[in-house]
Amino acid sequence: MKRDEKIQVGNLIEFVKVPEQDETLTVKVTELRSYDTFKEMYENIPFHDFDCEGWTMKEMVEGTYEIYTPQQEKQWGALAITIKFQQKSNGDKFRCFFYLSFRKFSVGH
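Residues numbered from 1 in each chain as written. Predicted model: local features only at pLDDT ≥ 70, side-chain atom pairs only at ≥ 80, totals over all residues. Heavy atoms only, no water.

Chemist: So what's going on with the packing of aromatic side chains? Residues and values would help.
Modeler: With the rule as written, the count across this model stands at four aromatic pairs. An angle of 85 degrees between the planes, with centres 6.5 Å apart, marks the rings of Tyr42 and Phe47 as edge-to-face. Note on accessibility: Tyr42 and Phe47 belong to one class, buried. Among the aromatic residues, ring-to-ring pairing joins Phe38, Tyr65 and Tyr68 into one connected group. (Phe/Tyr/Trp six-rings, centres within 6.5 Å; stacked < 30°, edge-to-face > 60°. Buried < 20%, exposed > 50% of the residue type's maximum accessible area, 1.4 Å probe, protein only.)

Chemist: I'd like a rundown of unusual backbone geometry, residues and numbers included.
Modeler: With a phi angle near 60 degrees, Asp51 is a residue other than glycine that sits in the positive phi range. You can see Asp51 is positioned in the loop between helix H1 (38-44) and helix H2 (57-65). (Helix = DSSP H or I, 4+ residues; strand = E, 2+ residues; numbered from the N terminus.)

Chemist: Please provide a residue-by-residue account of the nonpolar core, values included.
Modeler: In summary, soluble globular proteins display a tendency toward joint burial of nonpolar side chains. If you look at the biggest cluster of nonpolar residues, it comprises 13 residues, and the most contacted ones within it are Tyr35, Phe38, Met41, Tyr42, Ile45, Phe50 and Met60. Breaking this core down by element, the ones donating at least two residues are H1, H2 and strand E4 (78-88). A per-element tally of this core places H1 first, with three residues. In terms of nonpolar packing, the next biggest core, distinct from the first, is built from eight residues, Ile13, Val29, Ile81 and Ile83 among them. (Core = buried A, V, L, I, M, F, W, Y, C linked by side-chain atoms within 4.5 Å.)

Okay, structure coming up:
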């Protein structure tokens, strides 16, 4: 999947380890959920799904603002992408789910 393509359920996304670029991880998109704000996303997805049990809402939002600015949030909103690990470059198989919060990619309908 190229960076300017629309993310859709069923897409395979390959992540490359940087800066070495010697390992890859392929995942399959299994669900997409759009939100107007990170707070709204965090109110709808349990913190343990982010591996953030015990965090406060304030810590979750402020931690996200260290990566994405409030201006980016206003412009793009928040996107929770549920993924399933498909394969690592060494051939190991994984099955795990987690969420990403970003909106640089557009979402297909």
